[in-house]
Amino acid sequence: MIELLTETAIQEPQRIRGLEMPWNRVMGSTETPARAARALGPWHPQEFMAECVETIPEAGAMMTFVFRRCDGAPLAFRAGQYVNVAFPVNGEDQEPVDRSYSLSSSPTEPWTFSITVKCDSTGLVSPWVHENIKPGTVLEMLGPVGAFHLPDADRRARYLLLAAGAGITPIMSMMRTIHSLPGHADVVVLYHGSDAGGFAFHRELAYIASVDSRIKVYYSLGDRSIPEGWEGLSGRLTAAMLEEVAPDANGRQVYACGPEGYLNTATELLKNVGVDDTSIYMEFFSGDRQTLLEYQAEVALAADVAEEIAEEIAESAEDYFEGQPAAFGLYEPGYDAEGTLQASGLPLEIVGPETPGSDPSADSPGGEPEAGSPDASSFDTVGTGSFTMSFMRTGINVRIDPAERILEVAQRAGVRIGANCKEGMCGSCKVVKLSGEVEMNHQGGIRAREISAGKFLPCCSTAQTDLVIDA
């Protein structure tokens, strides 16, 4: 190899403002390109088969497995999301064991995708994966899943990416994505590991940091002994360390992934250096039973969505996106009765007026029960309270007092309404109010135009009048 020695100064590239994911523009474009983009693979959970095409050993007892979908379609996902994989650990004739792994590749190269698995010798699945998954192995998958991901468009892309151990995998996807995109960005990565030789992707990280002036990478060895010649940081995550690598942390969006203890510490420290809660995004790659249950609930919900969409996909643009759970934070282009609206992307150069968003008037408000609906006066009535809620699909009237949460009362009466967070955040309990008034105190789990369309979240709502509900 010939090494070129030059001291010629190289100017910085001319860049456009901010970061914009490539699908952001085409998915919001006119109907024809939008249809083409959706045909490549919608951004919703799907069940599919994938074939391993490459295995890449990584440092830190990790292995990257590169897959491609067996149906030839690309996998459309966002940097930071994960897939749920069914591994035939106990044999092909036995029930597979499901595990969720973050995607480590970039969604800007969607024709193949990667997961990176750390081998835990005491675990059930990861040793089997390392030993048995080879090029040609076909596995059943579900995904993409997860709300931990980069935004589709960011006019002021300034990120602090924190990773510990195997938590580097979704962070690596974000790094690769940002590196592949044009646009101005300011990214600081702080990667904690326990072994100087155990930092996965370190060669690629070094390369990216050396050629992409937007990205700075710092390593820390935690509280382990420091080997001779180590040039990185040492010690566990502290406020002083955050100040050292990112003195302007409180002006950045922070994405962090790692063990539960690491993330709990990071949460407190970030507050100490002034980072607002709304700028912090966490992904627990391992955690307590509650964390695992939350993952299972999210995957179960994704499976329901995948099954539903397989039956009803693309009936209409409005019906399609309206049916997506807010929990997944799915991309939603603007549309009206004529189809999707014109593209609304970031301007190429100077700051200009904000592009209008989607038209909230696309939804029609909720109304009275349709003709032919069952007569609620014939339903059985249960419970006590000053108001009556009529659940038209269930066929029951439930009495409720104004101070009671609607979801709790309905579920006690046997009305089946799915719910995850029960705090107005995930949107999984969303139902349609056909008549009556509620008081709702949600935390982002429902959009304004959905409320205009008569929808509400019963987990965080109380009845103010008699209600008729489509549930």
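Preceding block: the structure.
Residues numbered from 1 in each chain as written. Predicted model: local features only at pLDDT ≥ 70, side-chain atom pairs only at ≥ 80, totals over all residues. Heavy atoms only, no water.

This part covers the pattern of salt bridges. If you walk through the whole model with that rule in mind, you get 10 salt bridges. Aspartate 212 serves as the salt-bridge partner of arginine 15, at 4.0 Å between the closest nitrogen and oxygen. With arginine 15 in the segment before strand S1 (19–20) and aspartate 212 in the loop between helix H5 (202–211) and strand S11 (215–220), this pair connects stretches of sequence that are 197 residues apart. Of the charged contacts, one joins arginine 252 and aspartate 248 as a salt bridge, the two residues approaching to 3.0 Å between their closest N and O atoms. A relative accessible area of 4% means that arginine 252 is categorised as buried. Through salt bridges with shared partners, a single ionic network connects Arg158, Asp186, Asp248 and Arg252. (Salt bridge = Lys/Arg side-chain N within 4 Å of Asp/Glu carboxyl O. Helix = DSSP H or I, 4+ residues; strand = E, 2+ residues; numbered from the N terminus. Buried < 20%, exposed > 50% of the residue type's maximum accessible area, 1.4 Å probe, protein only.)

Right, let's get into the packing of helix H4 (residues 168–180) against H5. Remark: H4 packs on H5, axes separated minimally by 11 Å, with the N-to-C direction vectors making an angle of 30°. In terms of crossing hand, the pair formed by H4 and H5 is left-handed. When H4 is examined against H5, the residues Met172, Met175, Arg176 and His179 are found in contact with a partner set consisting of Glu204, Leu205, Tyr207, Ile208 and Val211. Classifying every residue of the contact of H4 with H5 gives six nonpolar, one polar and two charged. (Axes fitted to C-alpha atoms, helices over the stretch in contact; angles between N-to-C directions. Left-handed = near helix turned anticlockwise from the far one by under 90°. Contact = heavy atoms within 4.5 Å. Nonpolar A, V, L, I, M, F, W, Y, C, P; charged D, E, K, R; others polar.)

For the rest of this paragraph, the subject is the sheet that holds strand S5 (residues 97–102). Sheets are built from strands that pair by backbone hydrogen bonding, the pairs being arranged parallel or antiparallel. The strand order across the open sheet built from six strands is S5-S4-S7-S2-S3-S6, with neighbouring strands paired in antiparallel fashion. The open sheet has two edge strands with one neighbour each: S5 and strand S6 (113–118). For this sheet, the mean inter-axis angle between neighbouring strands, taken without regard to orientation, is 40°. With six bridges connecting them, strand S3 (residues 62–69) and S6 associate as antiparallel partners. Looking at the pairing, methionine 62 lines up with lysine 118 of S6. (Pairing = 2+ DSSP bridges.)

This next bit is on unusual backbone geometry. A cis amide bond, omega 0°, links glycine 143 with the succeeding residue proline 144. Along the chain, proline 144 falls in strand S7 (residues 138–145). Even without glycine at this site, alanine 61 takes up a positive phi of about 60°. Within the secondary structure, alanine 61 is located in the loop between strand S2 (46–58) and S3. A residue is classified by how much of its surface remains accessible, and alanine 61, at 44% relative accessible area, is partly exposed. One non-glycine residue, phenylalanine 201, lies in the positive phi region at around 65°.

With mixed pairing, the six strands of this open sheet are ordered in space as S16-S18-S17-S23-S19-S21. Every other strand in the sheet has two partners, leaving strand S16 (380–382) and strand S21 (455–456) as the edge strands with one partner each.

Turning our eyes to something else, we now look at the nonpolar core. Within the largest apolar cluster, 34 residues are counted, with the highest numbers of intra-cluster contacts made by Tyr159, Leu161, Ile171 and Met175. The biggest single contributor to this core is H4, with six residues. Counting 25 residues, the second largest nonpolar core, distinct from the first, contains Phe387, Ile417, Leu457 and Cys460. (Core = buried A, V, L, I, M, F, W, Y, C linked by side-chain atoms within 4.5 Å.)

Moving on, we get to a negative patch on the surface. A contiguous patch of negative charge, built from Glu47, Glu95, Asp98, Glu140, Asp304 and Glu307, is present on the exposed surface. Mapped onto the fold, glutamate 95 is located in the loop between strand S4 (82–87) and S5. Judged by its relative accessible area of 65%, glutamate 95 falls in the exposed class. (Patch = residues over 30% accessible without salt bridge, like charges linked within 9 Å, V, L, I, M, F, W, Y side chains within 5 Å. Areas by Shrake-Rupley, 256 points an atom, 1.4 Å probe, with all protein chains shown as cover. Lys, Arg positive; Asp, Glu negative; His and termini not counted. Charge placed at Lys NZ, Arg CZ, Asp CG, Glu CD.)

Here we come to the environment of valine 299. Topologically, valine 299 is positioned in helix H8 (residues 289–312). By relative accessible area, valine 299 is classed as buried at 12%. Expressed as a C-alpha distance, the spacing of valine 299 and glycine 143, which sit 156 residues apart in the sequence, is 8.2 Å. Look past the residues within four positions of valine 299 in its chain and what remains in contact with it is Tyr82, Asn84, Ser100 and Leu142.

The next thing to look at is the packing of aromatic side chains. By the definition in use, this model includes 11 aromatic pairs. When the centroid spacing of 6.3 Å and the interplanar angle of 65° are considered together, the rings of phenylalanine 87 and tryptophan 128 count as edge-to-face. Taken together, the positions of phenylalanine 87 in strand S4 and tryptophan 128 in helix H3 (residues 126–132) put the pair 41 residues apart, joining distant regions of the chain. Consider the rings of tyrosine 191 and phenylalanine 199, whose centres lie 4.9 Å apart with planes at 90°: the pair is edge-to-face. Given the relative accessible area of 2%, tyrosine 191 is considered buried. (Phe/Tyr/Trp six-rings, centres within 6.5 Å; stacked < 30°, edge-to-face > 60°.)

Quick look at the pairing of strand S23 (residues 467–470) now. Successive side chains on a regular strand alternate, one facing one side of the sheet and the next facing the other. Bridging between strand S17 (residues 387–391) and S23 involves three bridges; their strand directions are parallel. In the sheet register, serine 390 faces S23, and the bridge partner there is valine 468. As paired strands, strand S19 (residues 431–435) and S23 are joined by three bridges and run antiparallel to one another. Bridged to serine 435 within S23 is valine 468.

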